[in-house]
Amino acid sequence: MARTPQEVFEHHVAAIGAGDVDAIAADYAADAVLITPEQVVRGRDGVRGLFAALLGELPDAVWDIPTRVFEDDVLFIEWTAVAEKARVLDGVDTFVIRDGEIRLQTVRLTLEHLDRPGSP
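What counts, and where the lines are drawn
Residues numbered from 1 in each chain as written. Predicted model: local features only at pLDDT ≥ 70, side-chain atom pairs only at ≥ 80, totals over all residues. Heavy atoms only, no water. Helix = DSSP H or I, 4+ residues; strand = E, 2+ residues; numbered from the N terminus. Buried < 20%, exposed > 50% of the residue type's maximum accessible area, 1.4 Å probe, protein only. Lys, Arg positive; Asp, Glu negative; His and termini not counted. Salt bridge = Lys/Arg side-chain N within 4 Å of Asp/Glu carboxyl O. Polar contact = N/O pair within 3.5 Å; in protein donor to acceptor, adjacent residues only side chain to side chain. Contact = heavy atoms within 4.5 Å.

A. Examining the side chain of Asp93 more closely. Here Asp93 shows up in strand E5 (residues 86–98). Among buried Asp, Glu, Lys and Arg side chains, Asp93 stands out as unpaired, with Arg108 the closest opposite charge at 8.3 Å. In terms of polar contacts, Asp93 uses its side chain to reach the side chain of Gln105, at 2.8 Å. Setting aside its immediate chain neighbours within four residues, Asp93 contacts Leu75, Phe76, Ile77, Trp79, Gln105, Thr106, Val107 and Arg108.

See the structure below:
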């Protein structure tokens with residue numbers, strides 16, 4: 001039996017918290033699409049690369065997801081992440097999760113580097 005959308009997302013959150021890009025990628029369908037304002041990545045390899053870059057910017061971050069709205073196979077979240085040298089205070093994602101896998105995700109965030117001149 002396929003995992004529920006909630007189960008998929010809880011695994012996704014745990015994998016992100018652990019910094020495990022392979023476990024993160026395993027939550028996605030082989031033909032998944034992940035869309036950001038900067039790029040579109042496809043498949044598990046694309047997802048793996050995108051998350052490797054993000055987690056590289058936010059090592060050992062503290063993640064918070066105060067907003068989680070599920071409607072059937074669609075999930076909307078608002079989130080933050082704070083690490084020693086960078087933070088995201090305005091993350092917004094939408095997921096489509098079907099048959100136990102993330103099929104589609106949109107992501108918008110502002111990454112602030114705290115160790116660079118001119119950063120907040």
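Still more ground to cover, so stick around.
B. Just the pattern of salt bridges, in detail. Counted under the stated rule, the structure contains 11 salt bridges. As a salt-bridge pair, Arg108 and Asp90 come within 3.2 Å of each other at their nearest N and O atoms. Here Arg108, found in strand E6 (residues 101–108), pairs with Asp90, found in strand E5; they are 18 residues apart in sequence, far enough to count as distant. Judged by relative accessible area, which is 36%, Arg108 ranks as partly exposed. Linked by salt bridges that have partners in common, Asp31, Arg44, Asp99, Glu101 and Arg103 make up one network.

Everything listed is a geometric property; what it means functionally is a separate question.
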